[in-house]
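Residue-level structural notes
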Amino acid sequence: MVKILGRIFSYNWKYYTASLIAFIIFWQIFSVFSVIKVSEDKLLTAMRQNAAYFEKAFLEGDVFETQRIMWRITNENIKRIIFHPVEFKDSKWIFKEAIVGNIYERPYFQIKRSVPFISNGVELGTLDYVIDIIDINSFVLSQNYALFITITIFFIGLLLLSNIGAIKTILSIEKSVNEINKLMESGEYSEIEGSIERSLKAMPQNLKDTPFADLVNKVSEVLQKTSKLEIELAISKTISDLSAQVAHDIRSPLAALDSSLNYISQLPEEKRIIIRNAINRIRDIANNLLEKYRYNSNEKFDFDNNQTKNLKTCLISTIIDQVITEKRLQYKTKPQINIDFELTNNSYGLFSNIDLVEFKRIISNLVNNSVEAIPYDKGNIKVILSSEDEYVIVKVKDDGRGIPPEILSRLGEKGLTFNKKGGSGLGLYHSKTTLERWSGKLEINSELNKGTEIIIKIPKAKTPDWFCESINIDSKTKIIVVDDDETIHNIWEDRFKKYNIEIIHLYNPNDLKHYTKTEKELYLIDYELKGYNESGLDLIKELNISDKSILVSSHFESEIIIERCRKLNIKLIPKTLSGFVPVIFTEDENKVKEVVLIDDDELVLMNWQISAKKKGIKLIKYKNSKDFYKDIDKIDKETPIYIDSELEEGQKGEDIAKDLREKGFKKIILETGHQSERFKDISWLKIVGKEPPF
Amino acid sequence: MDFFFKIKINLVFLLFVFSLTSCAKNKDDNYEILSRWLAPEIKTKLAHVNLVYHVLKQTHEPLFRRDDGENFTSKVLKKWSRSIDYKEYNFCPNTTLIFNDKARFDKSFFLNYIIETTKKFDKDFKVTEENDCFKIKFSKQQKNYLDFLTWYENAPTLQRTENVEDGLGEFYVDKIENDKMILKRKKNIHNAFSKITIYKINSDKNIPTKNIEDFNFFNPEDIPEEIRKKYTKVNILDLKSVVLIINHPDNKIRQCLYNCIDTDELLHSFYYNKKFWFIPIASILPIGISGAQKGRPLQTCKTNKRKFRNVEVVFGNWFSEINQDAMLKFSENFYNKTGIRIKIKKITVEELISRKKPKSYNLTIIVLDATRNDPLAFFEVFGDFQKSEYNFRIQEIEKIYNSLSCVTNEKEKSLLYDKMIKIIKDKHLVLPLCQTIKTMYYPPWIKNITVGRGFLQYPEVAEFRW
């Protein structure tokens, strides 16, 4: 009840106060005017009653008697009265006026009136009287205050009683709303309708058949529908997540199969085709599922997480793989057209600055062209990814009709098309111009009835710092593979077995934690370990093995994972490319190695000498390139040659390096104190610091 | 609600509240009066002296008041009643009242006071105590008893020091110094005066105006112009008659002086350059006192220059600072008219009011006044030789005057007053000159100044609020 009363008051206090004040003001003003009127009437009545006595005293000139009579005439609400006598001959009256009362002047707050003082038909003079409104107001307030208090209490009671019904209704509605809110917060959407029904039943009768009740019912229906939709959405998302998970998980065995394709050459051709097609089909399914997931979740296959028309550094193999999957699906009604994507060791780690959408379109167009060129829907299309010098090479080869030479020379011109029904001739032109914009090229080789080869050349981009370009090991390196998928273990086993090094296979984080670490190790750790909350990155961080770990993951497109890798200074190998990552095996340390160092700094030379001696390496030192060139014929082309970037007489180390490369030296390394960015133009040249690399 | 509408509502409300109470200005709580003279002592027996009466109105409270001239009220009695035949009076004193910190208005004091005071009225009475009240029983009707108890001379009083008496009024005399008298309020009240200071000021020059509330002991023309402009003015009938005392043993000379002196010329010469509003009167009683006559005295001037050739009369000029030349002129004119030389002699006010006899002058102008509506006070200078202005006794008047205290009947009293007036007139003892209308000036910010109460406009400062 207190709550209801409090609520009534809180809703209505302004109106109540305003109406109370209005009433008090009105009553006060009314009372004041009433009192003034009554006082005036009293005065005039008293004046008439005493007129004869006053006349007698006035004519006798008796000032004091007239004064006494004036006191009788006045009353408590008259401030003062002033008698102005008429003048006549033989008058004994000595004053111009006689005042009785309070002489205090209060401008604007005093009413002044004048009436003739008449006695028995003769005017003796005028009687002025003054009424002070402030005095009357105070007097009336002192009379009325008890009434005002009573009225205040009465109005409060009236207010409360008249609003109890309304407040009860509001409170019942609030209760209902609170209940619904609780149900929504706890997710019990199915209970909402029932709750509303119960609340409506509990409401006052007069509310039940009102539009408000209808509204509430409709709201509950909407809420129900919404909750169903939410459930469906959740299910859909779960399915979507599951599909993505399946797609990811499938990639590991798929990578193993891909890797194993190299070893099935002894099988008959048709068997090899079946196996290859099956593998391709599995890959397509996985890619398709993943694509749908990306579409739903807006995950972007973009290493810079910004799918715009701007050029971005992209891993070309992944893009082409995706396009090929789409093309296979697109042309699944032509099962005799084989569309293959050939990945080799040379395909690994090829990045380029491209517009992703445009590049896909180019590949897609080229494959489309090849399909159209193949007669009778039977043939082969191969997409080969490789690199040459500073370029990424993508070849699209088909064994279709081929293009006549006279047409071939003009292909790529705008509007020119060949053997394409409805072709606009814009596809090749667009591809060419786009590639040229990227500083790339498009070449076409074709022979009639034999086939066509489109060669795309685009400049290589610098490998992102998180990407593992190669696995460097030596004979003492112990490989520890941490993955929950046996097929991956098989891939790595297969990759490293020829080096005769120890490979340890671990399947869960606990195994890794219990593993006793030794000095020379390389961890190949999967990101996602099924059944465990910790990721591979968490383990690496926890065990503090980031300097000897490589993350192997099919989530290589995830910006979050890439960023974490960067922070931990860990390299990442896309799981699907596990079979292609170059392994650089360094010869046994015990074997004497020769290393050439060209540096004019005595200190550096001395430092390297000491370090090399410790490692049992033979260091051949040259202070300048001239001396080196004298002995150049004696030096093996496989010998690592370290060159200072700034030599005597202004010689640049990178110039010497270029020269040596042309001469056939394989391992040329620039040792410098400068940042490697400075030499980004020479992508093939390895940059190290001044410290000995041993 | 719109912002400006809210402001308006609040302003109206504030105006309403303001109009209820009407904020008080912050004023100095010392009521300051300027006077040319200070009373050396404050006692009820000196109530006939104007300034003393003014102070007594602040410090004393008579048993009864008759402010409207008709109804009796009391601030001293809790309750009172009388018998319809005016023989019995019952008074219940308010014993919470105090004279000062040490003396209360208790029952024993009241008993003693009522006995002593009633004795002055009528010795034939009895006083009995019943509960907390006292019954006074007279053997005969005493209609004037309550009126008698309204006189300040009969107010309850207690001697505190040799010069000061305490009463039941709101103030008490704190100190009397050479140049000022200070009264303090017994209990301070908000927005009311807590102190009254009466300053004595001799010179007309440099009359201070700042912080002075009351200039009404000055002549109106002496009040500074800025005060006359700023203050609220009220005209009251000054209950004073200005008369020329003719103190000469020879009635014939007195007759000549009475009939031949031009009253207007005398007034204008004596009050040279003074502007005041006066009303000619035909008797010594001023208008407002029963028996007074408006008009001029009947004069028939018959001169006999040879007869009065060597007669010289002395005019005691106590207003001599500025009127000496005018008076000499007046004297010359009178000599030319009648042959009587009027020697103008400078006298001091002290000599004028002193009771030393014989007086060194034959003629002088004096002001007869009273502090209440009682003609008796005006006959004191004739009936009481000790207080009179004459070097000879007027036995007929003395006899009547002395008998008046025993007369209770008003009509009888009135007849006796008329008789005395006739004797005075027949013997040419006094030439009535005029009565003055006084303009009183009051500060405009005092809210409680009520006029028309009683006939003597000495305000009760205790009632003033601002």
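Below is a short write-up of the structure. Model, not experiment: these values are computed from the prediction. Along each chain, numbering runs from 1 in the same order as the chain's sequence is written. By the order in which they are written, chains take letters starting at A while ligands take numbers starting at 1. Note on the predicted model: pLDDT of at least 70 is required for a residue's local features to be given, and 80 or more for side-chain atom pairs to be given and counted; whole-chain, interface and lining totals, by contrast, use all residues. Side-chain numbers come from the whole structure's heavy atoms, not from hydrogens or water.

1. A short note on the overall build of chain B
Helix numbering and strand numbering both begin at the N terminus, where a helix is a DSSP run of H or I of at least 4 residues and a strand a DSSP run of E of at least 2. A tally of helices and strands in chain B yields 12 helices and 17 strands. Looking at the 466 residues of chain B, the share that counts as buried comes to 50%. The contact definition used throughout considers only heavy atoms, calling two residues in contact when any of these lie within 4.5 Å. In chain B, of all internal contacts separated by at least 6 residues, the share reaching a separation of at least 24 is 67%. Reported accessibility uses the Shrake-Rupley method at a 1.4 Å probe radius. Residues are deemed covered only where the shown protein chains occlude them. Just so you have it, chain B exposes about 23400 Å², and 50% of that area is on carbon and sulfur atoms. Accessible area is worked out with a 1.4 Å probe on protein chains only. A residue is then buried under 20% of its type maximum, exposed over 50%, and partly exposed in between.

2. Some words on the nonpolar core
Grouping buried Ala, Val, Leu, Ile, Met, Phe, Trp, Tyr and Cys residues that are joined through side-chain atoms within 4.5 Å yields what is termed a nonpolar core. One finds A:Ile73, A:Ile81, A:Phe83, A:Phe117, B:Ile284, B:Phe379 and B:Phe382 to be the most contacted residues of the largest nonpolar core, which totals 69 residues. With 10 residues, the single largest contributor to this core is helix H1 (residues 2-60) of chain A. Residue contacts for A:Phe83: discarding those within four places in its chain leaves A:Phe54, A:Phe58, A:Met70, A:Trp93, A:Lys96, A:Glu97, A:Ala98, A:Phe117, A:Leu124, A:Gly125, A:Thr126 and A:Leu127.

3. A word on the interface of chain A and chain B
A common way to express how large an interface is: the accessible area buried when the components associate. Contact residues are listed per partner, giving 27 residues for chain A and 33 residues for chain B. Taken together, the two surfaces of chain A and chain B that pack against each other cover about 2600 Å², and 67% of this comes from carbon and sulfur. Contact with chain B buries surface across chain A, with A:Phe64, A:Ile94 and A:Ile103 losing the most and accounting together for 26% of the total. Whenever Lys or Arg places a side-chain nitrogen within 4 Å of a carboxyl oxygen from Asp or Glu, that contact is recorded as a salt bridge. Linking chain A to chain B there are 0 salt bridges. For this analysis, a polar contact is any N or O atom pair within 3.5 Å, provided that within protein one partner can donate a hydrogen and the other can accept it, and provided that sequence-adjacent residues contribute only side-chain to side-chain pairs. Scanning the region where chain A abuts chain B turns up 3 residue pairs in polar contact (both at pLDDT 80 or more). Broken down by secondary-structure element, the contributors of at least two residues to the side of chain A that touches chain B are H1, helix H2 (63-73), strand S2 (98-102) and helix H3 (133-186) of chain A. Two parts placed together each lose some accessible area; with a 1.4 Å probe, that loss summed over both constitutes the buried area.

4. A few points about the pairing of strand S9 (residues 391-398) of chain A
Residue and element names in this part refer to chain A. Relative to S9, strand S8 (residues 379-388) runs antiparallel, the two sharing 8 bridges. Bridging from a neighbouring strand, Lys382 pairs with Lys397 of S9. Counting the residues in the hairpin turn of S8 and S9 gives 2 residues, including Asp389, whose phi is positive at 55°. The pairing criterion is simple: DSSP has to find at least two bridges between the two strands. Across 8 bridges, the pairing between S9 and strand S11 (residues 451-459) is antiparallel. If you follow Val396 over to S11, its bridge partner there is Ile454.

5. So, the state of the cysteines
Residue and element names in this part refer to chain B. In this description, a disulfide is simply a cysteine sulfur pair whose atoms lie within 2.5 Å. One pass over the full model with this rule turns up 2 disulfides over all chains. The disulfide partner of Cys92 is Cys133, and the S-S distance across this bridge is 1.8 Å. Measuring handedness by torsion sign, the sulfur bridge of Cys92 and Cys133 sits at about 100° and is right-handed. With Cys92 in strand S3 (residues 88-93) and Cys133 in strand S5 (residues 133-138), this residue pair connects regions lying 41 residues apart in the sequence. Cys133 gets classed as buried once you look at its relative accessible area, which sits at 12%. A disulfide bridge connects Cys260 with Cys301, and the sulfur atoms are separated by 1.9 Å. Of note, the bridge from Cys260 to Cys301 carries an S-S torsion of about 100° and is right-handed in sense. Of this pair, Cys260 sits in helix H6 (residues 251-260) while Cys301 sits in the loop between strand S12 (278-279) and strand S13 (312-317), placing them 41 residues apart in sequence. Sequence-ordered numbering of the bonded cysteines in chain B gives a pairing of 1-2, 3-4. Between Cys256, a free cysteine, and Cys260, which holds the nearest cysteine sulfur, the sulfur-to-sulfur gap is 4.1 Å.

6. A look at the side chain of A:Glu654
All names here are of chain A. If you trace the backbone, Glu654 turns up in helix H18 (residues 653-662). For Glu654, which is buried and forms no salt bridge, the nearest opposite charge comes from Lys652, at a distance of 5.0 Å. The contacts of Glu654, once residues within four sequence positions are left out, are Ser645, Leu670, Phe679, Ile682 and Leu685. By the counting scheme adopted, Arg and Lys are positive, Glu and Asp are negative, and His together with the chain ends is not counted.

7. Describing the packing of helix H11 (residues 395-403) of chain B against helix H12 (residues 410-426) of chain B
Residue and element names in this part refer to chain B. At their nearest, the axes of H11 and H12 sit 10 Å apart, and the two run at 165° to each other. Viewed along their axes, H11 and H12 adopt a mutual orientation that is roughly antiparallel. Viewed along their axes, H11 and H12 form a crossing whose handedness is left-handed. Contacts between H11 and H12 involve Glu396, Ile397, Ile400, Tyr401 and Ser403 from the first element and Leu416, Lys419, Met420, Ile423 and Ile424 from the second. Three residue categories are used. Nonpolar comprises Ala, Val, Leu, Ile, Met, Phe, Trp, Tyr, Cys and Pro, charged comprises Asp, Glu, Lys and Arg, and polar comprises the others, including Gly. The residue makeup of the contact of H11 with H12, split by class, is 7 nonpolar, 1 polar and 2 charged. Under this scheme, a helix contributes an axis fitted over its contacting stretch, all axes are lines through C-alpha atoms, and angles between N-to-C directions fall in the 0 to 180 degree range. Every angle not falling under 35 degrees, over 145, or within 65 to 115 is termed oblique; those three ranges are roughly parallel, roughly antiparallel and roughly perpendicular. Crossings are classed by handedness, with left-handed meaning an anticlockwise turn of the near helix from the far one by less than a right angle and right-handed meaning a clockwise turn.

8. Examining the sheet that holds strand S10 (residues 195-200) of chain B
All names here are of chain B. The sheet built from 4 strands is open, its strands ordered S1-S10-S9-S8 with mixed pairing. If you trace the sheet from one side to the other, it starts and ends with strand S1 (30-35) and strand S8 (171-176), each paired once. The sheet shows a mean angle of 20° between the axes of neighbouring strands, taken without regard to direction.

9. Let's talk about the sheet that holds strand S15 (residues 521-526) of chain A
Residues and elements named next belong to chain A. Across the sheet, which stays open at both edges, the 5 strands sit in the order S14-S13-S15-S16-S17 with parallel pairing between neighbours. Two strands lie at the open edges of the sheet, namely strand S14 (503-506) and strand S17 (571-574), each paired on one side alone. Direction aside, the axes of adjacent strands within the sheet are offset by 20° on average. The pairing of strand S16 (residues 549-553) with S17 spans 4 bridges and is parallel. Residue pairing in the sheet places Val552 in a bridge with Ile573 of S17. Docked against the sheet, helix H12 (residues 486-496) engages strand S13 (478-482), S14, S15, S16 and S17, running at close to 175° with respect to S14. Strands in contact with helix H14 (residues 536-543) are S15 and S16; relative to S16, the strand with the most contacts, it is inclined by about 170°.

Bear in mind that shape data such as this cannot, by itself, settle questions of function.
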